[in-house]
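Structural features, examined
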Amino acid sequence: MPKVLIESLDDFGRGVTHINDKVVFVPNALPNELVEIEITSDSKKYSEARVVKYLEKSKDRLQSLCPYFEVCGGCHLLHLSYEKTLEYKQSKIKNLLKKNKINYEKEIEIVKNDNPYYYRNKISLKVENGKIGYYKESTHELIEIKSCMISKPSINEVIKNYKLLNLENAKLTIRSNYNDEILLIIESASKEYNIDLEQLKEKIKLVGIVYNNIIIYGENFFYERIRGKLFKVSFDSFFQVNECITSKLFALIKNNIDPNGTVLDLYSGVGTLGIIASSNSKEVYSVEIIKNAVLNGISNAKLNQANNIKFMLGDVSKTVNKLNIDFDTLIVDPPRKGLDKKTREFILKKMPKKIIYVSCDPNTLIRDILELESIYEIEDFKIMDMFSYTYHVESLCVLKKKEEGR
Ligand SMILES: C[S@@+](CC[C@H](N)C(=O)[O-])C[C@H]1O[C@@H](n2cnc3c(N)ncnc32)[C@H](O)[C@@H]1O
């Protein structure tokens, strides 16, 4: 079996080495570690391998506290200290900027998660033949779990008691709010269910259960509270998964809104960022594709006395060109695929003074920055550690219009 020295970590947190000039990816292997590996798959361009034996371990290696770390695939960096995971994310961004020749001379600041374990307020699990767990990465192989180290304790309480749901085969999404209340979303081919509601209610603060899109107990929404603001969130509406980072994100958004301007908030979810921006603004326009999220947004504006927001339901790429408005600041918080061509063209036509880009995928963020580069430059780039101990990087990037003639 080959003995190799791990050279670096790739974008997915895997160790990288080379054998005869061919790149080999090795999960759970850290830079400078000498390991004995077994090749598990081989293609023309690269191989994948698993560690058989650690011959020399890195000084940065920590014993993962999660018993499922090596098999689960949900987290990728639990074998590093928190500080090292942040360094990894920072170098990922630095490398991307350098590779794409994007000029940003300031330090990329990292906004830390105060509680890097037990932070997620939403997870989706599989139940197969009565067993609960995650699918092993890129497979349909169930890894049974009894708890999850990055999910809130209130979510772990549901996992502990999932047998009360009496599910055989299903997808189970568990959402929890600031008050540890629980909303369960179950999707199953079976039309029948037999949930032990009385016992379940004794174990957790159950707000509602939605079974195949139908409410079978309580409500199909709950309220989130962040920085003193209340947000109604329906079972199918997006909400940021990390309360601490979301709170810090809200503060940064607010600081970046210039007084008395008009703001356009695209991909607005339940209206969070628009509502945060509204107190400094003359008016805010928000666009979102999920109907319940728009309805939540309208309720949330009222709940938070934000009377200067208008919500629009629709696909951003089709809706923006119908918007006959001028705006000073644009907030965009798209899904991983980033902005589409029509939206980028719309931005270049309208040329707002400032773009506040909240991104959950640095690759599409950098692609979009390059597309906007003729008019915009980066004023501020921050990593928001929304997805601690995973390779995912959330960023807050403020772009400002270049001065004329530059
Ligand atoms: C990352 S979330 C951000 C939501 C919100 N800004 C927040 O912070 O809670 C992205 C949102 O974009 C919405 N979305 C996805 N594709 C869309 C599209 N083509 N047009 C409009 N909204 C879209 C999703 O439903 C989701 O609510």
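Each value, and the rule that gives it
All chains use their own residue numbering, which begins from 1 and follows the written sequence. Given that this is a predicted model, residues contribute local features only at a pLDDT of at least 70 and side-chain atom pairs are listed and counted only at 80 or more, while totals for whole chains, interfaces and linings are drawn from all residues. Water and hydrogen atoms were dropped before computing side-chain values, which therefore reflect all heavy atoms in the structure. Secondary structure counts use DSSP, requiring at least four H or I residues in a row for a helix and at least two E residues in a row for a strand, with both numbered from the N terminus. Atoms counted for the radius of gyration: C-alpha only. Globule rule: 2.2 Å times the number of residues to the power 0.38. Working definition: with a 1.4 Å probe on protein chains only, accessible area under 20% of the residue-type maximum means buried, over 50% means exposed, and in between means partly exposed. The contact criterion used is simple: two residues touch if any of their non-hydrogen atoms lie within 4.5 Å. Reported accessibility uses the Shrake-Rupley method at a 1.4 Å probe radius. Residues are deemed covered only where the shown protein chains occlude them. Positive charges are assigned to Lys and Arg, negative charges to Asp and Glu, while His and the chain termini are left out of the count. Where a charge lies is defined by one atom per residue type, namely NZ (Lys), CZ (Arg), CG (Asp) and CD (Glu). Whether two strands pair depends on DSSP finding at least two bridges between them. Every angle, taken between N-to-C directions, lies between 0 and 180 degrees, and every axis is a line fitted to C-alpha atoms, over only the stretch in contact when it is a helix. If even one non-hydrogen atom of a residue comes within 4 Å of a molecule or strand, that residue is called near it. Residues adjacent in sequence count toward polar contacts only when both atoms are side-chain atoms; beyond that, a polar contact is any pair of N or O atoms within 3.5 Å, and within protein one must be able to donate a hydrogen and the other to accept it. Residues are sorted three ways: Asp, Glu, Lys and Arg are charged, Ala, Val, Leu, Ile, Met, Phe, Trp, Tyr, Cys and Pro are nonpolar, and all the rest, Gly among them, are polar. We call two directions roughly parallel when the angle between them is under 35 degrees, roughly antiparallel when it is over 145, roughly perpendicular when it lies between 65 and 115, and oblique otherwise. By convention, the crossing between two helices is left-handed when the near helix turns anticlockwise from the far helix through less than a right angle, and right-handed when the turn is clockwise. Domain delimitation follows an automatic or database domain assignment. Put simply, the grid is 1 Å and covers the protein atoms alone, a cavity is a trapped set of points that fit a 1.4 Å probe, a pocket is an open set with protein on both sides within 12 Å along at least five of seven lines, and lining residues have an atom within 4 Å of a point. Grid points are joined across faces, edges and corners, and a volume is the space filled by probe spheres set on the points. Salt bridge, as used here, is a side-chain nitrogen of Lys or Arg placed within 4 Å of a carboxyl oxygen of Asp or Glu.

What follows is about the overall build of the protein. Of the regular secondary structure elements, the protein holds 10 helices and 23 strands. For the protein, the C-alpha radius of gyration of 23 Å lies close to 22 Å, the compact-globule estimate for 406 residues. Seen through its principal axes, the protein has C-alpha atoms that stretch 65 × 65 × 35 Å. Per-residue burial over the protein gives 53% buried out of 406 residues. Excluding contacts between residues fewer than 6 apart, the proportion of contacts in the protein whose partners are at least 24 apart in sequence is 61%. Carbon and sulfur atoms provide 48% of the accessible area of the protein, an area that totals close to 19,800 Å². With 61 positive and 56 negative side-chain charges, the protein shows a spacing of 2 Å between the two charge centroids.

Bringing the sheet that holds strand β13 (residues 205-211) into the picture now. Within the open sheet, the seven strands sit side by side as β10-β9-β8-β11-β12-β13-β14. Their pairing is mixed. Both edges of this open sheet fall to β10 (142-144) and β14 (214-218), since each of them pairs with a single strand only. Strand-to-strand twist of the sheet, defined as the mean angle between neighbouring strand axes without regard to direction, takes the value 35 degrees. When strand β12 (residues 181-187) meets β13, the two strands line up parallel, connected through six bridges. Opposite I185, over in β13, you have V210 as the bridge partner. Packed on one face of the sheet, helix α3 (residues 153-160) meets β8 (122-128), β9 (131-135), β11 (170-176) and β12 and runs near 150 degrees to β11.

In the neighbourhood of the ligand, 16 residues make up the surrounding shell, with Q240, E288, D315, V316 and D333 lying closest. Taking Y267, its main chain carries an N or O atom lying 3.1 Å from a nitrogen atom of the ligand. E288 has a polar side-chain atom sitting 2.7 Å from an oxygen atom of the ligand. Contact with the protein chains covers 89% of the free accessible surface of the ligand, which is 600 Å². Looking at side-chain class alone, the shell around the ligand contains eight nonpolar, five polar and three charged residues.

Here we come to the packing of helix α2 (residues 82-99) against helix α10 (residues 362-372). Running from amino to carboxyl end, α2 crosses α10 at an angle of 30 degrees, the nearest separation of the two axes being 11 Å. Considering the angle they form, α2 stands roughly parallel to α10. α10 is crossed by α2, and the crossing has right-handed handedness. Together, I93, L96 and L97 of α2 and P362, N363 and I366 of α10 make up the contact between the two elements. Tallied by class, residues from the contact of α2 with α10 come to five nonpolar, one polar and no charged.

Right, let's talk about the domain arrangement of the protein for a bit. Where interface size is given, it is often the accessible area lost as the parts come together that is meant. Along its sequence, the protein is organised into domain 1 (3-61), domain 2 (87-114 + 241-401) and domain 3 (122-223). Here the C-alpha centroids of domain 1 and domain 2 sit 36 Å apart.

The space that makes up the second largest pocket amounts to roughly 920 Å³. Taken together, the elements giving at least two residues each to the lining of the second largest pocket come down to β5 (34-42), β6 (46-56) and α1 (69-72). Ranked by residue count, the leading element in the lining of the second largest pocket is β6, at five residues. When its residues are assigned to classes, the lining of the second largest pocket shows 11 nonpolar, nine polar and six charged. In this structure, the lining of the second largest pocket is formed jointly by two domains, domain 1 (3-61) and domain 3 (122-223), each of which donates at least three residues.

Spatially, six strands are ordered β1-β5-β6-β4-β3-β2 in an open sheet, and the strand pairing comes out mixed. Unpaired on one side and paired on the other, β1 (3-5) and β2 (8-9) mark the two borders of the sheet. Pairing analysis gives five bridges linking strand β3 (residues 15-19) to strand β4 (residues 22-26), with the strands arranged antiparallel. Within β4, the position partnered with T17 by the bridge is V24.

Before going further, it helps to spend a moment on the pattern of salt bridges. Per the stated rule, a full pass over the model turns up 25 salt bridges. A salt bridge links D385 to K89, with the shortest nitrogen-to-oxygen separation between them at 2.9 Å. Taken together, the positions of D385 in the loop between β22 (376-384) and β23 (394-401) and K89 in helix α2 put the pair 296 residues apart, joining distant regions of the chain. Each member of the pair D385 and K89 is classed as buried. Between K400 and E377 there is a salt bridge, and its shortest N-O distance comes to 4.0 Å. Here E377 lies in strand β22 and K400 lies in strand β23, a separation of 23 residues in the sequence.

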